[in-house]
Amino acid sequence: MDDGWTAERVAEALFIDAETVRAHRRLYGAGGRAGVERLASVGHAPVLSAAQAAELSAELSGRVYLTAKAVCGFVAARFGLTYTPHAMARLLGRMGFVWKRPKVVPAKADAEAQRALLESTLLPLMAEAEADPATPLLFVDATHPAYDAHPAQGWIRRGEPAVLPSNHGRVNVTLNGALSWPAREVITREATKITGPEMAAFFAQIEARYPAARRITLIADNATYNRAAVLREWLARPGCRVRVVYLPPYAPNLNLIERLWWFFKKKALWNTHYPSLADFRAAIRGFFDNLGQWKAELASLLTNRFHLIGHQTPQISSA
């Protein structure tokens, strides 16, 4: 570097990362040979004491910092110690932290209401459906994939941008869907809009699918169309074999088909450009027409294990 080589050129010559070169140079400038030797594989005593590390861990457990530099700021202000962002990132890794985005959950979710329904109703219904084919259980919901770019994280060569073309306009494909348990069979119906009459038609399609069933139980959320007058009338007609169990408000985690929608978008939409709406629709149909190729993955994903959401301490982002 004294001869004018950039960190990138040194890194290329030594087959290492450019940031590693910069870290060595900073440590050498600050502490000479002793500074560089702090990077030896045998390790060195941490700058933070055990008590300080515990306090930092507690701080990070209650607040999401956007950058390692922001954490450096907290450490400097609280303990009077200086870290580089690169060194802090390595320290956070050793402490068990990773850089990821928080998971968004409904603020009004009630974990106890979810637990009550799960234990008293949902799990017994799943067990009954496993034991008696004449009492099928299906999870019902709609999805509205947009004809647009769906970017997702992936492995991209450093320094080279990856471009995903987007489409203009607000065009969606609306799908009504039902996922059976335990067979994990999927019934889909494309709709212009999800309404009460549309749900009645879809429920009729599901009922026709199981002519030998004594009772068909559908798990659904509390969307307005799921409680529409026309649907209630359809369900109340003589001889109707369909009954609906409504989930607690703000509990998509208990609707098994939500996992299928996520899986569908991951496999068919993420990081994929479709030149035309016709191509987009064909990809959607192709996914559901060929679910068998994902049988092992779906068996692992679509299980009777559920997590509860709600009553969690919010974490506040920090710049």
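What comes next concerns the included structure. Note that the structure is predicted; figures quoted are calculated from it, not measured. (Residues numbered from 1 in each chain as written. Predicted model: local features only at pLDDT ≥ 70, side-chain atom pairs only at ≥ 80, totals over all residues. Heavy atoms only, no water.)

### Brief notes about the nonpolar core
Point 1. In this structure, Phe139 and Phe288 are the most contacted members of the largest nonpolar core, which totals 38 residues.
Point 2. Of all the elements in the fold, those that place two or more residues in this core are α6 (111-131), β2 (137-143), β3 (174-181), α9 (257-268) and α10 (277-289).
Point 3. In this structure Phe139 touches Leu122, Met126, Gly177, Ala178, Leu179, Trp181, Ile219, Leu254, Asn255, Leu256 and Ile257, once residues within four positions along its chain are discounted.
Point 4. The next biggest cluster of nonpolar side chains, apart from the first, holds 22 residues, and it includes Leu138, Ala213, Ala220 and Val244. (Core = buried A, V, L, I, M, F, W, Y, C linked by side-chain atoms within 4.5 Å. Buried < 20%, exposed > 50% of the residue type's maximum accessible area, 1.4 Å probe, protein only. Helix = DSSP H or I, 4+ residues; strand = E, 2+ residues; numbered from the N terminus. Contact = heavy atoms within 4.5 Å.)

### Some points on the environment of Ile284
Point 1. Here Ile284 shows up in helix α10.
Point 2. Residue Ile284 is classed as buried on the basis of its relative accessible area, which comes to 4%.
Point 3. For the pair Ile284 and Trp155, spaced 129 residues apart in sequence, the C-alpha separation works out to 25 Å.
Point 4. Among all residues touching Ile284, those that are not within four sequence positions of it are Pro145, Val173, Leu175 and Phe264.

### Remarks on the pattern of salt bridges
Point 1. In the structure shown here, the tally under the stated rule is 14 salt bridges.
Point 2. Close ionic contact of Arg78 with Glu55 constitutes a salt bridge, the shortest N to O distance being 2.6 Å. Of this pair, Arg78 sits in helix α4 (residues 68-79) while Glu55 is found in helix α3 (residues 50-62), placing the two residues 23 residues apart along the sequence.
Point 3. The partner of Arg281 in a salt bridge is Glu190, with the nearest N and O atoms 2.1 Å apart. Of this pair, Arg281 sits in helix α10 while Glu190 sits in strand β4 (residues 186-191), placing them 91 residues apart in sequence.
Point 4. Arg281 sits in the partly exposed class, given a relative accessible area of 26%.
Point 5. Several salt bridges share partner residues, and in doing so they unite Glu8, Glu19, Arg22 and Arg26 into one network. (Salt bridge = Lys/Arg side-chain N within 4 Å of Asp/Glu carboxyl O.)

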